Amino acid sequence: MGELRNKEVINVKDGTRIGFVCDVEIDTHTAVLTAVVVYGRLRLFGLLGREEDFVIPWQDIVLIGDDAVLVNFEEKDEKEKKGFFTSLLDKLCF
């Protein structure tokens, strides 16, 4: 885990920078790494929380380099994503 922490995660599909590896998921029964977690981006300097975390399954990881992790990751459809103000109103219970 220490070797993966703080490596930049880049999506090979479109070249976007997803973020940095912050955590991993491990299957406790088999002791196998199952996913890499990238925390969501902060909203308004963290005052409004953060966006949804990216959980990237192990099979979507293409290459782990010295400074970066390349992934073949499919994000949610745009229809499923909520806009900033819509999610803000949901949090404020409007």
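Residues numbered from 1 in each chain as written. Predicted model: local features only at pLDDT ≥ 70, side-chain atom pairs only at ≥ 80, totals over all residues. Heavy atoms only, no water.

Enquirer: Any details on the nonpolar core? Residues and values, ideally.
Expert: In this structure, Val 9, Ile 18, Ile 56, Val 69 and Val 71 are the most contacted members of the largest nonpolar core, which totals 13 residues. Within the residue set of this core, elements represented by two or more residues are strand 2 (17–27), strand 3 (32–38), strand 4 (54–57) and strand 6 (68–71). Broken down by element, the residue count for this core peaks at 3 residues, all from strand 2. Not counting residues within four places of it along the chain, the set of residues in contact with Val 69 comprises Leu 4, Lys 7, Glu 8, Val 9, Ile 10, Val 21, Ile 61, Leu 63 and Ile 64. (Core = buried A, V, L, I, M, F, W, Y, C linked by side-chain atoms within 4.5 Å. Buried < 20%, exposed > 50% of the residue type's maximum accessible area, 1.4 Å probe, protein only. Helix = DSSP H or I, 4+ residues; strand = E, 2+ residues; numbered from the N terminus. Contact = heavy atoms within 4.5 Å.)

Enquirer: Talk me through unusual backbone geometry; I want residue IDs and the actual numbers.
Expert: One non-glycine residue, Asn 6, lies in positive phi territory at about 70°. The residue Asn 6 is located in the segment before strand 1 (8–11) in this model. Given the relative accessible area of 57%, Asn 6 is considered exposed.

Enquirer: Go over the pairing of strand 2, please, and point to the residues and values.
Expert: Every other side chain in a regular strand lies on the same face of the sheet, so the side chains alternate between the two faces. Relative to strand 2, strand 1 is paired through 3 bridges, and the arrangement is antiparallel. Residue pairing in the sheet places Val 9 in a bridge with Gly 19 of strand 2. Taken together, strand 1 and the strand that follows it, strand 2, pair antiparallel across an intervening segment of 5 residues, in which Gly 15 is found at a positive phi of about 80°. In this sheet, strand 3 lies alongside strand 2 in antiparallel orientation, the contact comprising 6 bridges. From the neighbouring strand, Asp 23 faces strand 3, where its bridge partner is Val 37. Where strand 2 folds back on strand 3, the antiparallel hairpin that results is connected by 4 residues, among which Ala 31 adopts a positive phi of roughly 60°. (Pairing = 2+ DSSP bridges.)

Enquirer: Describe the packing of aromatic side chains, naming the residues involved and giving the relevant values.
Expert: In this structure the tally under the stated criterion is 1 aromatic pair. Measuring from ring centre to ring centre gives 6.1 Å for Phe 54 and Phe 73, while their planes differ by 80°; the resulting arrangement is edge-to-face. Of the two residues, Phe 54 sits in strand 4 while Phe 73 sits in the loop between strand 6 and helix 1 (84–91), which places them 19 residues apart along the sequence. (Phe/Tyr/Trp six-rings, centres within 6.5 Å; stacked < 30°, edge-to-face > 60°.)

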